[in-house]
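# Inside the fold
Here is what each chain is made of, one letter per residue.
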Number of protein chains: 2
Amino acid sequence: MTAWETERVAWAYLSRVTQGPSRVVSDFVERYGVVEAVRAIKSGVVPRVVAERVSARAHIDTAAADLDAVAALGGRLVIPTDDEWPAWRLVGFQTGEFGGRADTSVPLALWVIGGRSLLDVTERAVAVVGTRAATAYGEHVAGEISGDMAVDGWTVVSGGAFGIDGVAHRAAMGVGGVTVAVLACGVDRAYPAGHARLLQQITSSGLVVSEYALGTTPAKHRFLARNRLVAAFGEGVVVVEAGWRSGARNTASWARSLGRPVVAVPGPVTSASSAGCHRMIRESEARLVSNARDVVEEIGSALSGDDEQDHLFSRGDDRITGPAILVLDALPGSGSLGPHEISELSGVPMSDVRAALVMLEMESLVVRDDTGWARAQRRR
Amino acid sequence: MTAWETERVAWAYLSRVTQGPSRVVSDFVERYGVVEAVRAIKSGVVPRVVAERVSARAHIDTAAADLDAVAALGGRLVIPTDDEWPAWRLVGFQTGEFGGRADTSVPLALWVIGGRSLLDVTERAVAVVGTRAATAYGEHVAGEISGDMAVDGWTVVSGGAFGIDGVAHRAAMGVGGVTVAVLACGVDRAYPAGHARLLQQITSSGLVVSEYALGTTPAKHRFLARNRLVAAFGEGVVVVEAGWRSGARNTASWARSLGRPVVAVPGPVTSASSAGCHRMIRESEARLVSNARDVVEEIGSALSGDDEQDHLFSRGDDRITGPAILVLDALPGSGSLGPHEISELSGVPMSDVRAALVMLEMESLVVRDDTGWARAQRRR
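Keep in mind that what you see is a predicted model, and the values were worked out from it rather than measured. (Residues numbered from 1 in each chain as written. Chains lettered and ligands numbered in written order. Predicted model: local features only at pLDDT ≥ 70, side-chain atom pairs only at ≥ 80, totals over all residues. Heavy atoms only, no water.)

## Examining the sheet that holds strand 3 (residues 125–129) of chain B
Residue and element names in this part refer to chain B. In spatial order, the strands read 1-2-6-5-4-3-7-8-9; together these nine strands make up an open sheet with mixed pairing. The sheet is open, and its two borders are formed by strand 1 (75–78) and strand 9 (287–288), each paired with just one other strand. The sheet contact formed by strand 7 (residues 237–240) and strand 8 (residues 262–265) spans four bridges and is parallel. Bridge pairing in strand 8 links Val239 to Ala264. Relative to the sheet, helix 5 (residues 63–72) contacts strand 1 and strand 2 (110–113), its axis offset from that of strand 1 by approximately 130°. (Pairing = 2+ DSSP bridges. Helix = DSSP H or I, 4+ residues; strand = E, 2+ residues; numbered from the N terminus. Contact = heavy atoms within 4.5 Å. Axes fitted to C-alpha atoms, helices over the stretch in contact; angles between N-to-C directions.)

## Some thoughts on the packing of helix 1 (residues 3–18) of chain A against helix 5 (residues 63–72) of chain A
All names here are of chain A. It is at 8 Å that the axes of helix 1 and helix 5 come closest, and there the two elements cross at 100°. Relative to helix 5, the element helix 1 lies roughly perpendicular. Between helix 1 and helix 5, the residues in contact are Arg8, Val9, Ala12, Tyr13 and Arg16 and Ala63, Asp66 and Leu67, respectively. In terms of residue class, the contact of helix 1 with helix 5 is built from five nonpolar, no polar and three charged. (Parallel < 35°, antiparallel > 145°, perpendicular 65-115°, else oblique. Nonpolar A, V, L, I, M, F, W, Y, C, P; charged D, E, K, R; others polar.)

## Re the pairing of strand 8 of chain B
Looking along a regular strand, one sees the side chains alternate between the two faces of the sheet. Residues and elements named next belong to chain B. The alternating pattern of strand 8 places Val262 and Ala264 on one face and Val263 and Val265 on the opposite face, and all of these are buried. In this fold, strand 7 hands off to helix 13 (residues 247–257), which returns the chain to strand 8; that crossover is right-handed. Pairing geometry for strand 8 and strand 9, over two bridges, is parallel. Residue Ala264 lies in a different strand from strand 9, and its bridge partner there is Leu288. Remark: the strand 8/helix 14 (residues 275–282)/strand 9 crossover connection has right-handed handedness. (Buried < 20%, exposed > 50% of the residue type's maximum accessible area, 1.4 Å probe, protein only. Right-handed = clockwise from strand over helix to strand, strands pointing away.)

## Quick word on the domain arrangement of chain A
Accessible area lost when the parts come together is the quantity often used to give the size of an interface. All names here are of chain A. Each domain of chain A was delimited in the assignment, giving domain 1 (1–62), domain 2 (112–303) and domain 3 (316–375). If you look at the interface, domain 1 gives five residues, while domain 2 gives seven residues. Counting each side, the surface lost to burial between domain 1 and domain 2 is near 520 Å², with a carbon and sulfur contribution of 45%. When residues of domain 1 are sorted by the area they lose upon contact with domain 2, Arg16, Gln19 and Pro21 head the list and together hold 73% of the total. Run the count over domain 1 and domain 2 and you get zero salt bridges. Linking domain 1 to domain 2 there are three residue pairs in polar contact (both at pLDDT 80 or more). (Domains from an automatic or database assignment. Buried area = accessible area lost by both parts, 1.4 Å probe. Salt bridge = Lys/Arg side-chain N within 4 Å of Asp/Glu carboxyl O. Polar contact = N/O pair within 3.5 Å; in protein donor to acceptor, adjacent residues only side chain to side chain.)

## Points about the relation of the copies chain A and chain B
Taken together, a rotation about one axis and a shift along it account for how the two chain copies relate. Superposing chain A onto chain B requires a rotation of 179° together with a translation of 0.4 Å along the rotation axis, leaving an RMSD of 0.3 Å. Such values leave the two copies arranged in the relation of a two-fold axis. In terms of proximity to the rotation axis, the leading residue of chain A is A:Gly267, whose C-alpha is 2.3 Å off the axis. Take the interface residues of chain A: 100% of them recur as interface residues in chain B, which is what a same-surface contact looks like. (Least-squares fit on C-alpha atoms with pLDDT ≥ 70 in both.)

## Here we look at the sheet that holds strand 3 (residues 125–129) of chain A
Neighbouring strands of a sheet are bound in pairs by backbone hydrogen bonds; such pairs are parallel or else antiparallel. All names here are of chain A. Spatially, 1-2-6-5-4-3-7-8-9 is the arrangement adopted by the nine strands of the open sheet, whose pairing is mixed. Each edge of the open sheet is held by one strand with a lone partner, namely strand 1 (75–78) and strand 9 (287–288). Pairing of strand 3 with strand 4 (residues 155–158), which is carried by three bridges, proceeds in the parallel orientation. By the bridge assignment, Ala125 is partnered in strand 4 with Thr155.

## Some thoughts on the environment of A:Leu110
Residue and element names in this part refer to chain A. Along the chain, Leu110 falls in strand 2 (residues 110–113). Looking at Leu110, the relative accessible area reads 0%, which means it is buried. The sequence separation of Leu110 and Phe233 amounts to 123 residues, and the corresponding C-alpha distance is 12 Å. Once residues within four sequence positions are removed from consideration, Leu110 is found in contact with Arg76, Leu77, Val78, Trp85, Leu118, Val209, Ser210, Glu211, Leu229 and Phe233.

## Here we look at the nonpolar core
Within the largest apolar cluster, 80 residues are counted, with the highest numbers of intra-cluster contacts made by A:Phe93, A:Val239, B:Phe93 and B:Val239. Not counting chain neighbours up to four residues away, the residues in contact with A:Val239 comprise A:Val129, A:Ala248, A:Ala252, A:Val262, A:Val263, A:Ala264, A:Val265, A:Cys277 and A:Met280. (Core = buried A, V, L, I, M, F, W, Y, C linked by side-chain atoms within 4.5 Å.)

## A closer look at the interface of chain A and chain B
Contact residues are listed per partner, giving 20 residues for chain A and 20 residues for chain B. In total, about 1600 Å² of surface goes out of reach between chain A and chain B, with carbon and sulfur atoms giving 57% of it. Of all residues in chain A, A:Val269, A:Arg282 and A:Leu288 bury the most surface against chain B, accounting for 45% of the area lost on that side. Linking chain A with chain B are six salt bridges. The partner of B:Asp294 in a salt bridge is A:Arg282, and the shortest N-O contact between them spans 3.5 Å. Linking chain A to chain B there are 12 residue pairs in polar contact (both at pLDDT 80 or more). Contributing elements (two or more residues each) for the side of chain A that touches chain B: helix 9 (136–151), helix 14 (275–282), strand 9 and helix 15 (292–303) of chain A. Considering only residue class, the side of chain A that touches chain B consists of nine nonpolar, six polar and five charged.

## A short note on the packing of aromatic side chains
Here the structure, examined in full by the defined rule, presents six aromatic pairs over all chains. Judged by centre distance (6.3 Å) and plane angle (75°), the rings of B:Phe93 and B:Trp254 are edge-to-face. Taken together, the residues B:Phe93 in helix 7 (residues 92–95) and B:Trp254 in helix 13 connect sequence positions 161 residues apart. Considered together, B:Phe93 and B:Trp254 belong to a single accessibility category, that of buried residues. For A:Lys42, the ring lying beneath its charged end belongs to A:Tyr13, and the centroid distance is 4.8 Å. (Phe/Tyr/Trp six-rings, centres within 6.5 Å; stacked < 30°, edge-to-face > 60°. Lys NZ or Arg CZ within 6 Å of the ring centre and 35° of its normal.)

## Things to note about helix 5 of chain A
Residue and element names in this part refer to chain A. Listing the buried residues of helix 5 in full gives Ala63, Asp66, Leu67 and Val70. With its buried residues spanning 100° around the axis, helix 5 presents them on a single face. Residues Asp68 and Ala72 are exposed on helix 5 and point more than 90 degrees away from its buried face. In this fold, the buried residues of helix 5 make contact with helix 1, strand 1 and strand 2. Of the residues trailing helix 5, Gly74 is marked for its positive phi of about 85°. (Arc of directions from axis to C-beta.)

## Quick notes on the pattern of salt bridges
Within the structure shown, the criterion is met by 34 salt bridges over all chains. Taking the shortest distance from any N to any O, the salt bridge between A:Arg16 and A:Asp66 comes out at 2.8 Å. Here A:Arg16, found in helix 1, pairs with A:Asp66, found in helix 5; they are 50 residues apart in sequence, far enough to count as distant. Across the pair B:Arg282 and A:Glu297 runs a salt bridge whose closest N-O atoms are separated by 3.1 Å. Residue B:Arg282 is found in helix 14, and its partner A:Glu297 is found in helix 15; the two belong to separate chains. Residue A:Glu297 is classed as partly exposed on the basis of its relative accessible area, which comes to 48%.

Right, dumping it as structure tokens:
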């Protein structure tokens, strides 16, 4: 077994025993490496906070079988050291303001079915979400916006649910576009069952993704955690129809915490299915959009915005790739660091750190001084 | 003929020869008094700018006949010295920022049909406007909002047009409420002709108002000037359905210049009749509202807002009546004035100025110092 295969088995084990995101497990892995962390968990010699999270399932070691099973489905487990790991999409979870919410960490690893690279499909992606109780109007508009975005080369990310989600996926595929469904259960489970065929179709041209091990059943807290990935994978979130208390508002809330723009489609004030959209617009949680052109305008303007969060999460330029974002993120607000420190903080190998710094310097995002590298002061 | 009757005849003459608002005519009248100003106009000895505005019609003196004719219709000419003159509603035209737009002055005088006091009915009023090309949805929502506002004691001000305007008037009357139609033609003209009966009905419980002399026909520039009065008479403007380029946006624009809140009702993005509302919400020209409760919330919060314009146009307290607003408005941003100077600047008689100052002092809006009275510095 190669080192990476060993790592992959370790992540598969961790994914099953942890069941979802866990800051303490992530921190533990970051400190000791995944292989050593798993060894410690299996031996039971771990800090109390880690034990509390994993001890109940620590004895379940189906990692090798899980990897075989996902391969049999045409899938794989994507781990943080893989090229397709969408690090720059997830970096916000380390730095965003989540107001003490639990489980805001990056996913440990991602179970994926579908032939495309997860990094590639989330490169230019938009989340389109909404109520399961969609009206004919909402389905029409969700289809128009998703189809137009997909034609324009945007991947449409959604949750695979009935209603708006389903329309968004179908509309993207309908125009030959790419779509990603992020599930709150194992990628081998069709949820909802009525969407088994749809999810199958998605894997043939896009991706079905989950952070939960095979066989995991959906649960309320998993939907909420799943929503954070839907928000993270997109450049912004489009809400098409949402009830007054809708899961779509949860997705929108994650997006805001990540510094991603949220937009909402209005509808008749007489329609309960638009009440959540109107509420978000009224309370300045979302900007009103009428069509795909408006969506692109909002998402585009966010990329060129000038506040600190935009700065952190926007790539600024297409030439700035994943590692460069991590390098930039590792630099403090003031003061400078040497490349070794940056490598240590960012987890990016030294060779990549140097390349990234050069690239960031060309983009005027970092400056060199006597003691190392610092963030460039932003134009105001 | 009493002095006031003489004045009223003079205003009636001015109204006909000026045809609409005119800053230069208003200034001329303010300087010389209306009777003297009219004498000068008739003799042709006036400044060039005034002559340019009035000389073409200066020979038309139908003032007495016009006053008889409006009386025969059950109406009257309301002039600035009348108790019912809504001075506090119009003061914004002297101080607002209109970006060089023409005809932003107060109306010279107002032709009114209906038994109620113009000051009373505009005391707690909201403008409800929208497209003539209303959909069934827009008519439904305009009816709901106008009816609910009227039940809550708000006068519904609109323009008497087909579509949203007509529904707004009817809904207010339908619940026994008060409504005001501001016309872009003489109050003796039914425009549109199809609303002759509606306008008649409005006069029986509310008011039909125009700054144009009897017989004046509607014209595009008169609609635009009329819109400023619709905006001025309300505490805020509600737009229910508006096309991409709609007269309702013009009314909304006047409202913003006057510091009045503008709100708009969304609708299906597939409806051209909602495109103007969506545009205004998207461009932050209007706040989204779904119902009368939202409208009251927005208009209420504007009254308690803390910027300078709110300060000028809000009454702060119900005990502050028309003259007090004029007195407050006459006080400079810094420095103080004596009561005589205030009376001269505000046009408010000395006895009323003293009463007003006491009232304003109680409301902590003015302070007394060695040399007179000054604006209280605002809490920040």
